[in-house]
Amino acid sequence: MFSTPYSPHVGHGEYADVYDPAEDTFLLMDALEKDVKEIRRLCCTDINSLAANCTLESARQNGVNIQPIITDLVTGLFPRLQNQVDVLIFNPPYVVTPTEEVGSRGIKASWAGGERGREVMDRFFPQVSSLLSSRGVFYLITVQENDPDGIIGLLNTFNLKGTVFISRQAGRERLSVLKFWKA
Ligand SMILES: C[S@@+](CC[C@H](N)C(=O)[O-])C[C@H]1O[C@@H](n2cnc3c(N)ncnc32)[C@H](O)[C@@H]1O
């Protein structure tokens, strides 16, 4: 097991508008433990520049080397990382909200998922297969309202096999980590 990263700065002070690690974050970490040995080169993106700064500070405090990229989804990663990613992780804004709330670059981007909570992740799905290496895996956090089985069916059409890897009830949310790999 890896230990919980040190993160008292997240969600406070200059990082008040950054998502504070919560049950979804920790469920994703549980799922990742199995693949942690595969994770050698780290890269991350965020639309919220404060979140990117906060990631730098978290990395410094936990002795990790990472360069966050401020971009929409993975736009800044192509073509350099095409077919290069062994472990791809997305904890998206998954909460069902009015569509008008989607598209923020601040704290609202942490949760506002629009219709069925799917508006941001649905834009990402067509890009997954072209990022993954031949043995790559993709982990995605969902809640029940996102229709996890429907997502597995949809990604099948992009040549990815998938399964519900781990689930947990967290208050009113039924959280699941879905795992995908190239068919
Ligand atoms: C649920 S939070 C997860 C934060 C953190 N990764 C974790 O697991 O605790 C969702 C994150 O996705 C970012 N985000 C939302 N829309 C995005 C987009 N279009 N491109 C890149 N990042 C986005 C948010 O700013 C926020 O930091």
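Before reading on, note that the structure itself is shown above.
Keep in mind that this is a model prediction, so the values were computed, not measured. (Residues numbered from 1 in each chain as written. Predicted model: local features only at pLDDT ≥ 70, side-chain atom pairs only at ≥ 80, totals over all residues. Heavy atoms only, no water.)

## Here's the deal with the pattern of salt bridges
1) Next: For the structure shown, the criterion picks out five salt bridges.
2) Next: Residue Glu 57 pairs with Arg 60 through a salt bridge whose shortest N-O separation is 2.7 Å. On the criterion of helical spacing, the pair formed by Glu 57 and Arg 60 is a turn pair, its members being three residues apart in helix 2 (residues 49-62).
3) Next: Among the residues examined, Arg 60 registers a relative accessible area of 60% and is labelled exposed.
4) Next: Put simply, Arg 118 and Asp 122 hold a salt bridge, and the shortest N to O gap is 2.8 Å. (Salt bridge = Lys/Arg side-chain N within 4 Å of Asp/Glu carboxyl O. Helix = DSSP H or I, 4+ residues; strand = E, 2+ residues; numbered from the N terminus. Buried < 20%, exposed > 50% of the residue type's maximum accessible area, 1.4 Å probe, protein only.)

## Examining the side chain of Asp 24
1) Next: You can see Asp 24 is positioned in helix 1 (residues 23-32).
2) Next: Here Asp 24 is buried and forms no salt bridge, its nearest opposite-charge partner Arg 168 lying at an N-O distance of 9.9 Å.
3) Next: Within the structure, Asp 24 has its side chain in polar contact with the side chain of Thr 25 (distance 3.5 Å).
4) Next: Contacts of Asp 24, omitting those with residues within four sequence positions, involve Tyr 19, Asn 91, Tyr 94, Ile 141 and Leu 175. (Lys, Arg positive; Asp, Glu negative; His and termini not counted. Polar contact = N/O pair within 3.5 Å; in protein donor to acceptor, adjacent residues only side chain to side chain. Contact = heavy atoms within 4.5 Å.)

## Concerning the side chain of His 9
1) Next: Along the polypeptide, His 9 turns up in the segment before helix 1.
2) Next: Here the side chain of His 9 touches Ser 58 through a polar contact of 2.8 Å, side chain to side chain.
3) Next: Once you skip the residues sitting within four places of it in the chain, His 9 turns out to touch Tyr 15, Cys 54, Glu 57, Ser 58 and Gln 61.

## Notes on helix 2
1) Next: With 14 residues, helix 2 should reach 20 Å at 1.5 Å per residue; the first-to-last C-alpha distance of 20 Å fits that figure.
2) Next: Looking at helix 2, one finds that the buried residues are Ala 51, Ala 52, Cys 54, Glu 57, Ser 58 and Ala 59.
3) Next: The backbone nitrogen of Leu 50 has a side-chain oxygen 2.9 Å away, supplied by the residue at the start of helix 2, namely Asn 48. (Expected span 1.5 Å × (residues − 1).)

## Overview of the sheet that holds strand 6 (residues 173-182)
1) Next: Reading across from one edge, 3-4-6-5 is the order of the four strands in this open sheet, with mixed pairing throughout. Edge strands, defined here as strands with exactly one partner in the open sheet, are strand 3 (85-90) and strand 5 (160-170). Ignoring strand direction, the axes of neighbouring strands in this sheet form an average angle of 15 degrees.
2) Next: Examined bridge by bridge, strand 4 (residues 132-143) and strand 6 share seven bridges and lie antiparallel to one another. Paired with Ile 141 across the strands is Val 177, a residue of strand 6. (Pairing = 2+ DSSP bridges. Axes fitted to C-alpha atoms, helices over the stretch in contact; angles between N-to-C directions.)

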